[in-house]
Amino acid sequence: MTILVTGGAGFIGANFILEWMRRGDEAVVNLDALTYAGNADNLASLQGDARYDFVCGDIKDRKLVDRLLRRYAPRAVVHFAAESHVDRSIHGPDAFIQTNVFGTFTLLEAARSYWSGLSGADRDDFRFLNVSTDEVYGSLEHDDPAFTENSCYRPNSPYSASKAAADHLVRAWHHTYGLPVLVSNCSNNYGPRQFPEKLIPLAITNALCGKPLPVYGDGMSVRDWLYVGDHCSALQAVLEGGVPGEVYNIGGRNEVSALEVVKGVCELLDELHPDRAGPYSRLITFVKDRPGHDRRYAIDPGKAEYALAWSAVESFASGLRKTVDWYLANREWTDNVQSGAYQHWITRNYEARG
Ligand code: NAD
Ligand code: DAU
């Protein structure tokens, strides 16, 4: 048995594959275009493992996807590949529409064609798991209840709009063609191997270089933080126990503001890697807000907890400590991804914020 993972060289995909291989014997083929966010080093430990194949390629390449489905005959597609950073979607939405919308459409069509040719248990058991985000539900006010699977779609950024579009396609491919799809909408992940453009790894890596820790607006935007290992275990549970056509919201019940997150990083670094120049919080710098910035996300994971017997293991405190530990122990990983292209992005995103 094999599963086809897309985007497995990125942050969550790589953690998912590493965990998958640790837990069982089932083979994985990883289709990833190795964009700026994809990092083959993330899976270096799997080199030589006969259960793992890496294919460098684009999910928009229908012929390639058809070939992989024929060759590997996977029992499931787990679809992570995406452009994933909200700020980049504001500067350049094109790639988000191409990959997140057209790429998902291409995969769905290829999966539909492949699945139509299956029979018996192979056909009944096939699954297409679309890894999506809570951002499709839009923004909550301070005292609104958390998002459920029945919350309306109200995406506010080019990124979330492109993910919402993909979710709609996935839903339609189930409703119209019967493709056995599953959708998970997850909150903000953090943990090892996250590209240092997102808040937590950016704060850790900037702090270690003595650079400013940029906090957008008043720093009171709230996210529901989930340790990546908990997201990966949820995805396994959705894949194994989820009902085709159903949606599962995944979250950590850890609502924390951006400012508190950055302060938390500073406190851990003060303890684990003290700086002679003083507490890291001296580097916190309030900068111009993100256009259209969503104020608050919160997930009600009750359905996944009840229907799949899944729950998050890490608290925000334990997950953040593991994360800071990992970045301290893997400075080379960060140095390698902070290439010229990364520096160009940092200048582009932060220069105009003052
Ligand atoms: P990431 O940006 O770290 O990784 C994305 C991966 O997709 C990279 O390896 C990249 O090379 C690959 N990719 C991009 N375009 C591709 C294409 N056209 N063809 C093949 N591969 C391509 O993203 P992530 O944070 O790991 O997120 C993975 C998925 O989970 C995304 O779909 C994202 O929307 C979703 N998600 C992320 C979070 C989060 O907090 N990071 C939360 C909920 C859902
Ligand atoms: O909610 C799930 C989503 O979480 C995923 O679908 C996205 O792929 C992922 O990027 C993430 O989106 P966010 O925009 O919430 O994550 P980001 O790390 O960019 O920002 C988290 C919060 O921190 C947000 O309120 C903006 C703020 N922020 C971010 C950066 C990069 C800052 O204050 N300063 C920063 O420099």
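Residues numbered from 1 in each chain as written. Chains lettered and ligands numbered in written order. Predicted model: local features only at pLDDT ≥ 70, side-chain atom pairs only at ≥ 80, totals over all residues. Heavy atoms only, no water.

Focus on the sheet that holds strand β5 (residues 127-133)
- Taken together, the seven strands give an open sheet; going across it, the order is β3-β2-β1-β4-β5-β6-β11, and neighbouring strands pair in parallel fashion. Both outer strands of the open sheet, β3 (52-56) and β11 (247-250), are each paired with one neighbouring strand and no more. Taking each pair of neighbouring strands and ignoring which way they run, the sheet shows an average axis angle of 20°.
- Where helix α4 (residues 94-116) meets the sheet, it contacts β1 (2-6), β4 (76-79) and β5, and its direction lies at approximately 165° from that of β5. (Pairing = 2+ DSSP bridges. Helix = DSSP H or I, 4+ residues; strand = E, 2+ residues; numbered from the N terminus. Axes fitted to C-alpha atoms, helices over the stretch in contact; angles between N-to-C directions. Contact = heavy atoms within 4.5 Å.)

Let's talk about the site of ligand 1
- Looking at ligand 1, there are 29 residues lining it, with I12, D32, S84, Y159 and K163 nearest.
- The contact in question runs from an oxygen atom of ligand 1 to an N or O atom on the side chain of D32, over 2.6 Å.
- Here an oxygen atom of ligand 1 and a backbone polar atom of V131 are 3.5 Å apart.
- Considered on its own, ligand 1 offers 830 Å² of accessible surface; in the complex 96% of this is hidden by protein.
- Of all elements in the fold, only α1 (11-23), β5 and α6 (158-177) reach the threshold of two or more residues within the shell around ligand 1.
- Here the shell around ligand 1 takes three residues from β5, the largest share from any one element.
- Its residues assigned to classes, the shell around ligand 1 comprises 13 nonpolar, 12 polar and four charged. (Near = heavy atom within 4 Å. Polar contact = N/O pair within 3.5 Å; in protein donor to acceptor, adjacent residues only side chain to side chain. Areas by Shrake-Rupley, 256 points an atom, 1.4 Å probe, with all protein chains shown as cover. Nonpolar A, V, L, I, M, F, W, Y, C, P; charged D, E, K, R; others polar.)

Observations concerning empty space enclosed by the protein
- Under the defined criterion, the tally for this structure stands at one cavity of 30 Å³ or more.
- Contributing to the lining of the largest cavity are V86, E135, N156, S157, R223, R290, P291, G292, H293, D294 and Y297.
- The residue inventory of the lining of the largest cavity, partitioned by class, reads three nonpolar, four polar and four charged. (1 Å grid on protein atoms, 1.4 Å probe; cavity = no way out; pocket = protein on both sides within 12 Å on 5 of 7 lines; lining within 4 Å. Points joined across faces, edges and corners; volume = space filled by probe spheres on them.)

Some points on the pattern of salt bridges
- Applying the stated criterion to the full structure yields 20 salt bridges.
- Linking K60 and D58 is a salt bridge whose minimum nitrogen-to-oxygen distance equals 3.0 Å.
- Assessed through its relative accessible area of 28%, D58 is described here as partly exposed.
- Note that D218 and R295 form a salt bridge whose closest N and O atoms lie 2.8 Å from each other. With a gap of 77 residues between them, D218 in the loop between β8 (213-216) and β9 (222-224) and R295 in the loop between β13 (284-287) and α10 (302-307) connect regions that are remote in the sequence.
- Judged by relative accessible area, which is 39%, R295 ranks as partly exposed. (Salt bridge = Lys/Arg side-chain N within 4 Å of Asp/Glu carboxyl O. Buried < 20%, exposed > 50% of the residue type's maximum accessible area, 1.4 Å probe, protein only.)

With respect to the environment of L272
- For L272, the location among the structural elements is in helix α9 (residues 258-272).
- Accessibility expressed as a relative area gives 32% for L272, which makes it partly exposed.
- Taking the C-alpha atoms as reference points, L272 and R321, separated by 49 residues in sequence, lie 9.5 Å from one another.
- The residues touching L272, leaving out its near neighbours within four places in the chain, are R321, V324, D325 and L328.

Some thoughts on the site of ligand 2
- Residues in contact with ligand 2 amount to 26 residues; listed here are only the nearest, D134, Y159, N188, R290 and Y350.
- In this structure, D134 approaches ligand 2 through a side-chain N or O atom, which is 2.5 Å from an oxygen atom.
- Notes on ligand 2: free accessible area 690 Å², of which the protein chains cover 95%.
- Put simply, the parts of the chain that give the shell around ligand 2 at least two residues each are α3 (86-91), α7 (199-208) and β8.
- In terms of residue count, β8 provides more of the shell around ligand 2 than any other element does, three residues in total.
- Its residues assigned to classes, the shell around ligand 2 shows 12 nonpolar, seven polar and seven charged.

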